[in-house]
Amino acid sequence: MSLGVLLVEDDRELRHTLHQALQVEGYRVAAAASLADARALLAHAPAEAGFDLVLLDLGLPDGEGSTLLAELRQHASTPVLVISARMDEGPKVQLLDAGADDYLIKPFSLAELLARMRVALRHRGRAARPATLRLAVAGVSIDLETRRVQRDGQDVHLTPTEYRLLARLVQQAGRVVTHRQLLVDVWGPEYTHHTHYLRLYMAQLRAKLEADPADPRLLITEPGVGYRLADNDA
Amino acid sequence: MPTPADLFTAPRTPWSGALSLAIWAVTWGLMLALDEHMDLANLALLLVLGAAVAAIGSSRRLALLACAASVLGFNYAFVPPRGTLTVGLHQHAVLLLAMLAVSGIVTLLMSRLRWHAAQAAEHARRSDRLRQFGEALRAIDDPAGQARTLVAALQAEWPARSGADPSTPAVLLRDPQGTEHWTGTAAADDADGLRLCLEQGRALGPGTGRYEERAAWYLPLRGRQATHGAALVHRPAGLAEAPAALPQLQALCDQLGSVRERQLALDAARQAREQAADHALRNTLLTAIAHDHRTPLATILGAASALHDQVGRLSAEQQQRLAATIVDEAGQLARLTDNTLQLARLGSPGIALQTDWVAVEDLVGPVLARARRRDPQHRIQARLDPDLPLLRVDAVLLVQLLDNLLDNARQHGGRDVPVELLARRDGDAVCLVVQDRGPGVPAALQDRLFERFQRAATGPADPADGAGRSGAGLGLALCRAIAQAHGGEIGWRPRRGGGSRFELRLPVQAMPADPPADEPEAA
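Overview of the structure.

Cut-offs and rules
Along each chain, residues carry numbers from 1 onward, in the same order as the chain's sequence is written. Here chains are named by letter from A upward and ligands by number from 1 upward, in the order in which they appear as written. Selection of residues for local features in this predicted model requires a pLDDT of at least 70, selection of side-chain atom pairs for listing and counting requires 80 or more, and totals for whole chains, interfaces and linings are taken over all residues. In this description a helix means any DSSP run of H or I spanning at least four residues, a strand means any run of E spanning at least two, and both kinds are numbered starting from the N terminus. Field definition: a residue is buried when 20 or more other C-beta atoms are found within 10 Å of its C-beta, exposed when 12 or fewer are, and partly exposed for counts in between, with C-beta atoms placed from the backbone. C-beta atoms are placed from the backbone for every residue, and two residues are taken to be in contact when these atoms lie within 7 Å. At least two DSSP bridges between two strands are needed for those strands to be called paired. Helix axes are fitted to C-alpha atoms over the stretch in contact, other axes to C-alpha atoms as well, and angles between N-to-C directions run from 0 to 180 degrees. Residue polarity is assigned by list, with Asp, Glu, Lys and Arg as charged and Ala, Val, Leu, Ile, Met, Phe, Trp, Tyr, Cys and Pro as nonpolar; anything else, Gly included, falls into the polar class. Structurally, a nonpolar core is described as a collection of buried Ala, Val, Leu, Ile, Met, Phe, Trp, Tyr and Cys residues joined by way of C-beta atoms within 7 Å. Multiplying one less than the number of residues by 1.5 Å gives the expected span of a helix. For this classification, under 35 degrees means roughly parallel, over 145 means roughly antiparallel, 65 to 115 means roughly perpendicular, and everything else is oblique. Crossings are assigned a handedness: left-handed for a near helix turned anticlockwise from the far helix by less than a right angle, right-handed for a clockwise turn.

### Let's talk about the overall build of chain B
Assigned secondary structure in chain B consists of 16 helices and 11 strands. Per-residue burial over chain B gives 32% buried out of 523 residues. Nonlocal contacts in chain B, meaning residues at least 24 apart in sequence, comprise 68% of its contacts between residues at least 6 apart.

### Overview of the sheet that holds strand E13 (residues 219-222) of chain A
All names here are of chain A. Pairing in this open sheet of three strands is antiparallel, and the strands run E12-E14-E13 from one edge to the other. Each end of this open sheet is capped by a strand with a single partner; those strands are strand E12 (176-178) and E13. Adjacent strand axes in the sheet meet at a mean angle of 30°, parallel and antiparallel pairs treated alike. Two strands pair when backbone bridges link them, and E12 and strand E14 (residues 226-229) are joined in this way by three bridges, in the antiparallel orientation. Counted as the bridge partner of Thr178 is Gly226 from E14.

### Observations regarding the pairing of strand E4 (residues 227-234) of chain B
Both faces of the sheet carry side chains from a regular strand, because those side chains alternate between them. Residue and element names in this part refer to chain B. Across the eight residues that make up E4, a large majority, eight, are buried. Examined bridge by bridge, strand E1 (residues 170-174) and E4 share four bridges and lie antiparallel to one another. When the sheet's bridge partners are listed, Ala170 is paired in E4 with Leu232. Alignment of strand E3 (residues 216-222) against E4, held across seven bridges, turns out to be antiparallel.

### Concerning the interface of chain B and chain A
Each partner contributes to the interface: chain B provides 30 residues, whereas chain A provides 29 residues. Mapped by element, the contributors of at least two residues to the side of chain B that touches chain A are helix H10 (316-347), strand E5 (356-358), helix H11 (360-374), strand E6 (380-384) and helix H12 (395-412) of chain B. The element best represented in the side of chain B that touches chain A is H11(B), accounting for six residues. Considering only residue class, the side of chain B that touches chain A consists of 22 nonpolar, two polar and six charged.

### A word on the nonpolar core
Ranked by internal contacts, the top residues of the largest apolar core, which has 106 residues, are Val8(A) and Leu406(B). Element by element, the count of residues in this core is highest for H12(B), at 10 residues. Leave out the neighbours within four places in its chain, and Val8(A) touches Ala32(A), Ala38(A), Val54(A), Leu55(A), Leu56(A), Asp57(A), Leu60(A), Gly65(A) and Leu68(A). Formed by 31 residues, the second largest nonpolar core is a distinct cluster that contains Phe133(B), Leu204(B), Leu249(B) and Cys253(B).

### Looking at the sheet that holds strand E3 (residues 53-57) of chain A
Residue and element names in this part refer to chain A. Across the sheet, five strands lie side by side as E2-E1-E3-E6-E7; this open sheet has parallel pairing. Looking at which strands have only one partner, the edges of the open sheet turn out to be strand E2 (28-32) and strand E7 (102-105). Averaged over all pairs of adjacent strands, the angle between strand axes in this sheet comes to 20°, irrespective of strand direction. In this structure, strand E6 (residues 80-84) lies alongside E7, joined through four bridges in parallel fashion. Residue pairing across strands places Leu81 opposite Asp102, the latter belonging to E7. Taken strand by strand, helix H1 (residues 12-24) contacts strand E1 (4-8) and E2, and its axis lies near 170° from that of E2. With respect to the sheet, helix H3 (residues 65-75) is in contact with E1, E3 and E6, its orientation differing from that of E3 by roughly 155°.

### Some details on the pairing of strand E9 (residues 140-143) of chain A
Residues and elements named next belong to chain A. Residues Val140 and Ile142 of E9 are buried on one face, while the alternating residues Ser141 and Asp143, pointing to the opposite face, are not. Turn length for the strand E8 (residues 134-137)-E9 hairpin, with the two strands adjacent in sequence and antiparallel, is two residues, and the turn residue Ala138 shows positive phi of about 50°. For E9 and strand E10 (residues 148-151), the ladder comprises four bridges, and the chain directions are antiparallel. Along E10, the bridge assignment pairs Val140 with Arg151.

### Describing H12(B)
Side chains that are three or four residues apart share a direction in an α-helix, a result of its 3.6 residues per turn. For H12(B), built from 18 residues, the straight-helix expectation of 26 Å at 1.5 Å per residue is met to within 8% by its first-to-last C-alpha distance of 26 Å. Phi turns positive one or two residues past the end of H12(B), at Gly414(B), with a value near 75°.

### Examining the packing of helix H6 (residues 160-171) of chain A against helix H7 (residues 179-186) of chain A
Residues and elements named next belong to chain A. It is the contact of H6 with H7, at a shortest axis distance of 10 Å, that shows an interaxial angle of 130°. Considered as vectors, H6 and H7 are oriented oblique to each other. Taken as a pair, H6 and H7 cross one another with a handedness that is right-handed. Residues Thr161, Arg164, Leu165 and Arg168 of H6 form the contact with H7, whose participating residues are Leu182, Asp185 and Val186. Partitioned by chemical class, the residues of the contact of H6 with H7 number three nonpolar, one polar and three charged.

### Things to note about the environment of Arg392(B)
Residues and elements named next belong to chain B. Looking at the element boundaries, Arg392 is found in strand E7 (residues 391-393). When the 21 C-beta atoms within 10 Å are taken as the criterion, Arg392 is described as buried. Spatially, the C-alpha atom of Arg392 lies 6.8 Å from that of Gln509, the residues being 117 residues apart in sequence. Beyond its immediate chain neighbours, meaning those up to four positions away, Arg392 contacts Thr355, Trp357 and Gln509.

### Considerations on unusual backbone geometry
Residue Lys106(A) is joined to Pro107(A) through a cis peptide bond whose omega torsion reads 0°. With respect to the element layout, Pro107(A) can be found in the loop between E7 and helix H5 (110-122). A cis amide bond links Pro80(B) to the next residue, Pro81(B), at an omega of -10°. Positive phi, close to 55°, is recorded for Arg147(A), a residue that is not glycine. Tracing the backbone shows Arg147(A) in the loop between E9 and E10.

In structure tokens form, the structure reads like this:
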């Protein structure tokens, strides 16, 4: 059974292009041009053929896409991938903190979109299932069950804070985690403005795990937003 | 506050009248005492002397009265036959008349002299107040504060007297947009009076020849070009005529008028400058869009239309190549658009950077990843010194800056030797260097390398120059704008052994406290 994607995008050309491209990739696609259309499609989707992923544009003719995100998050954990033409980091971070799974800034390539969709779909239903526990990427293997981190087959010793930071990223491997989320989960809610903690510990982690810390392949920086643990799909 | 009119009618102090009386008493005492020893003419001279001295202190009217009384008294006491007002000899009559005339003239001259002195002193005090008011105005920028200063100055100049209308003056200012700013309160018809005064730029009220019946003066705040407001000064009760201080009140008002006018002129000049800068920026951006954006668009349209029109006649390989061209050029166009938008954003006033603590690795990593995505064949060697301090910067902008430098090196830096990206500490700055082994920068271009692409300004008269610069476009101008927004600087120089070396210096700021120490082992 193919995976269902709800595509909410008001630009006709982009909607058609994406619709076609996603169908070629084997997805079952329903397209909506407005918030109202999207709500109708969501409400009338049959239970056995619901949506596994939502691609959501922000500026829609009848309102902001972020309102739909808030509605969805009230009762569903369906992954939401935001696609937007806006460059600013502020709204990006807000959306991620509000429950969006990832974002793509227009223009983007099909390959980028498909990679982000694969990651988002893999995390689908994470509320019920345990998060990713084992990961092997860029010569590094991480096992959260045994708390074991290896690089090129050699054990790597991490401090407790380094380990918590890495584990937090592993839980959402392939997806961007905002600075704020990392600071709250690793240090605590009162540390949300201590970005420099994050920078210093990230530098330590990279020094231990990356072949070339200046050109990281595992701990990827998303400038102005957060970090992403590289993933074989993304 | 005495007006000049007051100086004619009233002595300056109660004591000056008493002083005159005392002088007269001494004079008379002397005359009576010397009566036996001096003849009549000499005694008469004493009296004239007394009249002159007494006139210094007393008012003119009193002095004249005293003169006349003394001459009569002299006649009675000394002129034979004594004890009567009759004059025996003709020559005595002449003496008395001459005495009266001389005393009178001396008294008049004295009081006139005193009036002039008082005028001069009053004039000096007024100029002083005017000057103080001017200085006070210079120290204040906002119109409301200036209006309050004027109210205070008007009150000092024309204080409400006992029993007079206690209302304080009111000031109306009107800016060129027609918005009114009120200081103090004015009744509805007073407000109308002020507006009329402002419209006409002329004073209204008693003594001005217009609206004489009003109980207040409406004084315009005049500049050289226009009237910028009006002030309301209430007339003290019982004073019918225009006060002599009216010109002084008007001078105060006009001073504020000129200050307002100068400020408005400065504002207008600043706005014009900003508009010109805006205009220049817009022109730059339009030029960039017209030129830089069209090149990739033309390539995309060419390749896409070939795919569309000739699809049956193209080999699979040709189709693949055309599609790859479209993808590459669209990426380039997206980057150009980002640059153009960012430059427009940085050019607009009041832009706030999203600064945060960032490690140099967090800047270099994304740049290398982007460069790799854009062109996997392009070799870049990154060397970062260990223990570089964190930088407080807008990460997105810095990544864009470095991305532009690397892309510039990719396009102009030759492909045989890898481009180098270095980061090192240099005193209180961090230096980021991008260097290549390409042909370098032509001499004609070196001075203006970081200037905004200004093809329209150079014009078609210098086509070679324009063609030479087309590659740089907005990218380097944006680099400089970003560096400057961070208090840093960017420069170019020829690399030793050939090629280009771009160097970005960013200031290092004091770091907040380190995170708490971690236990050494865990995993």
